[in-house]
Amino acid sequence: MPSSIGIGIIGFGWMGQAHARSYLSIPKYFPEAGIAPRLVAVADTLPERIDLAVQNFGFESGMTDWRALVEHEEIYVIDITAPNTLHQELAEAAAAAGKHIFCEKPVGIVPQATASMELAARKAQVITGAGYNYRWVPLVQYIRRLIEEGRFGELTHYRGRFFSMYGRDRLGLLSWRFLQEEAGFGVLSDIMSHAIDMAQYLCGPITRVVSVKEIFVKERPLPTPGEGTHYQRGKPGDPTGRVTNEDYVGALVEFANGVRGTLEADRSIFGPQSSMALELNGSKGAASWDHEKLNQLQLYLPEEQPVDGFIEVLAGDAFPHQGNFVPGGGNSLGFEDVKIIEALEFLKSIEAGRRFRPDFGDALATGSVAAAMARSWETERWEDVVSLRIDESEA
Ligand SMILES: NC(=O)c1ccc[n+]([C@@H]2O[C@H](COP(=O)([O-])OP(=O)(O)OC[C@H]3O[C@@H](n4cnc5c(N)ncnc54)[C@H](O)[C@@H]3O)[C@@H](O)[C@H]2O)c1
């Protein structure tokens, strides 16, 4: 009999719905895991989203006030998919109620909020997870395995980026994401956080950064309150408001193991669509992967290849988790399949009572790098990465 895990989701927009689909999919794609997520309750301030959750996703109940959800006796895991500004309050309330917590990235509106959330979860001894889903791409897992096996030799260079199109349209609405007061930083926390997490996952801790930022689209049409996502647009002549956080961040980075690299993120760039990508080089080989071609990996391992040059490897059931979705090679996975893998691995950790990675500690390691980048914007100099982790004695 699969074990049932009661879940409450707070925020039922893009990510809340994607997480709900992921939980529902676990028993179908991974029956051998013996996990049966139970969608006990959803909270959203928009009543129509609650209706959608109950009627179309099978949630047992829905509420506009998240406080009742956090206290719900049959909920074991709180999943936070509400806007960044709410992450801290929600996670700290969940920790106080003794619930395990999954929170979407960036885990708090600013790195100091991540530090406070990490401390609250540590004190409550609950298991946490952070939504750095690109780690779970089967081919990325494979790159990490090749690194651990030393197949690239000693790593020397790393280039990471996340170039998204979501802010490219000058008529794209001024949603919460473009406002410092509602989202915190712009791309630094929104998508550079993914690039930092991936860089540290593959190459270890970043110790020093020098960084720049820019706002390329300075005004955007105002949204109607309660409507619209960041993919919706206004009309020419609509009233506009000022964008208050950055469209672009670039950084030179140094890693503790001597790797040198660059990280870039942009939401207004023309050309790339969702290019969360990496290139790494070592003394014996190299790899390159881009989320836009999620199922393709460029590998250069000259000692193991018949010819010199990059060779393309197609994803298939030889790579972690992929065979549960589709058998054989060259049959593709997509964004939400990776979210299903993330949800599966999180609930497996909950079942086993062991640490999940990436957790709030990893999110804090990412936030500490982001904080150093933000300091560098002010000082216009290299900044050391200083851990923002709070000791219990200081709290
Ligand atoms: N990992 C990823 O790839 C990824 C992708 C997109 C978003 N995200 C993250 O997911 C989170 C949500 O982003 P989204 O794109 O789903 O946003 P969204 O705007 O589509 O959804 C947010 C939802 O939260 C609801 N909400 C607002 N205030 C609330 C409150 N007080 N109580 C309950 N619900 C409330 C809104 O009504 C909305 O339904 C953010 O933290 C974002 O950074 C992660």
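Residues numbered from 1 in each chain as written. Predicted model: local features only at pLDDT ≥ 70, side-chain atom pairs only at ≥ 80, totals over all residues. Heavy atoms only, no water.

Take the site of the ligand next. Around the ligand, a shell composed of 28 residues is seen, among which Met15, Asp44, Arg49, Asn84 and Asn133 lie nearest. In this structure, Trp14 approaches the ligand through a main-chain N or O atom, which is 3.0 Å from an oxygen atom. Within the contact set of the ligand, an oxygen atom lies 2.7 Å away from a side-chain nitrogen or oxygen of Arg49. Here the shell around the ligand gets 3 residues from one element, more than from any other, and that element is helix α4 (residues 84-96). A class-by-class count of the residues in the shell around the ligand yields 13 nonpolar, 9 polar and 6 charged. Counting only domains with at least three residues in the shell around the ligand, you end up with domain 1 (3-133) and domain 2 (138-293 + 295-331). (Near = heavy atom within 4 Å. Polar contact = N/O pair within 3.5 Å; in protein donor to acceptor, adjacent residues only side chain to side chain. Helix = DSSP H or I, 4+ residues; strand = E, 2+ residues; numbered from the N terminus. Nonpolar A, V, L, I, M, F, W, Y, C, P; charged D, E, K, R; others polar. Domains from an automatic or database assignment.)

Let's shift gears to the side chain of His194. Along the chain, His194 falls in helix α9 (residues 192-203). Every residue in contact with His194, bar those within four places of it in the chain, is listed here: Lys105, Gly131, Tyr132, Asn133, Tyr134, Phe162 and Met276. (Contact = heavy atoms within 4.5 Å.)

Annotation of the protein at the domain level lists domain 1 (3-133) and domain 2 (138-293 + 295-331). Using only C-alpha atoms to locate each centre, domain 1 and domain 2 end up separated by 25 Å. A per-residue breakdown of the area domain 1 buries against domain 2 is headed by Tyr29, Phe30 and Tyr132, which together make up 34% of the total. At the boundary of domain 1 and domain 2, one finds 1 salt bridge. (Buried area = accessible area lost by both parts, 1.4 Å probe. Salt bridge = Lys/Arg side-chain N within 4 Å of Asp/Glu carboxyl O.)

One pass over the full model with this rule turns up 28 salt bridges. A salt bridge links Arg21 to Glu336, with the shortest nitrogen-to-oxygen separation between them at 2.6 Å. Taken as a pair, Arg21 in helix α1 (residues 14-29) and Glu336 in helix α10 (residues 335-352) lie far apart in primary sequence, 315 residues in all. The partner of Glu118 in a salt bridge is Arg389, with the nearest N and O atoms 4.0 Å apart. Of the two residues, Glu118 sits in helix α5 (residues 111-124) while Arg389 sits in the segment after β17 (383-384), which places them 271 residues apart along the sequence. Among the residues examined, Glu118 registers a relative accessible area of 9% and is labelled buried. In this structure, a network of salt bridges that share partners links the residues Arg145, Glu149, Arg151 and Glu304. (Buried < 20%, exposed > 50% of the residue type's maximum accessible area, 1.4 Å probe, protein only.)

Of all hydrophobic cores here, the largest spans 82 residues; its most connected members are Tyr158, Trp289 and Met373. Both of domain 1 (3-133) and domain 2 (138-293 + 295-331) provide at least three residues apiece to this core. Look past the residues within four positions of Trp289 in its chain and what remains in contact with it is Tyr134, Val137, Leu139, Val140, Ile143, Met198, Met276, Ala277, Leu278, Leu294, Gln296 and Leu297. Counting residues in hydrophobic clusters, the runner-up holds 27 residues, among them Ala91, Cys103, Met117 and Val126. (Core = buried A, V, L, I, M, F, W, Y, C linked by side-chain atoms within 4.5 Å.)

Either a parallel or an antiparallel arrangement is found when strands of a sheet pair, and the pairing is made through backbone hydrogen bonds. On the basis of which strands lie adjacent, the open sheet formed by 9 strands has the order β16-β15-β14-β13-β7-β12-β11-β8-β17 and mixed pairing. A single partner strand is all that each edge strand has here, and the edge strands are β16 (311-314) and β17. Sitting on the sheet, helix α6 (residues 138-148) is in contact with β7 (155-164), β13 (274-282), β14 (286-290), β15 (296-300) and β16, with an inclination near 20° to β15. (Pairing = 2+ DSSP bridges. Axes fitted to C-alpha atoms, helices over the stretch in contact; angles between N-to-C directions.)

A rise of 1.5 Å per residue sets the reference length of α1, with its 16 residues, at 22 Å; its end C-alpha atoms lie 22 Å apart and thus fit the reference within 8%. Turning to α1, its buried residues are Met15, Gly16, Gln17, Ala18, His19, Ala20, Ser22, Tyr23, Ser25 and Ile26. Buried residues in α1 make contact with β1 (3-10), β2 (35-43), α2 (47-57), β4 (77-80), β5 (100-103) and α10. (Expected span 1.5 Å × (residues − 1).)

Taken together, 6 strands build an open sheet; the order of strands is β3-β2-β1-β4-β5-β6 and the sheet is parallel. Where the open sheet ends on each side, the last strands, each with one partner, are β3 (61-63) and β6 (128-130). On average, adjacent strands in this sheet sit at an angle of 25° to one another, irrespective of strand direction. Pairing of β2 with β3 involves 3 bridges; the strand directions are parallel. Bridge assignment links Ala41 to a residue of β3, and that residue is Ser61. Strands in contact with α1 are β1, β2, β4 and β5; relative to β2, the strand with the most contacts, it is inclined by about 155°.

The next point concerns helix α11 (residues 360-379). With 20 residues, α11 should reach 28 Å at 1.5 Å per residue; the first-to-last C-alpha distance of 28 Å fits that figure. Across the 20 residues that make up α11, a large majority, 15, are buried. Backbone geometry just downstream of α11 places Glu380 in the positive-phi region, at approximately 55°.

All told, the structure shown has 17 aromatic pairs when counted by the stated rule. Plain terms: the ring middles of Tyr158 and Phe255 are 6.0 Å apart, the flat faces sit at 70° to each other, and that makes the pair edge-to-face. Remark: Phe255 occurs in strand β11 (residues 248-255) and Tyr158 occurs in strand β7; sequence separation between them is 97 residues. Assessed through its relative accessible area of 3%, Phe255 is described here as buried. A network of ring pairs unites the aromatic residues Trp14, Tyr134, Phe162 and Phe335 as a single cluster. (Phe/Tyr/Trp six-rings, centres within 6.5 Å; stacked < 30°, edge-to-face > 60°.)

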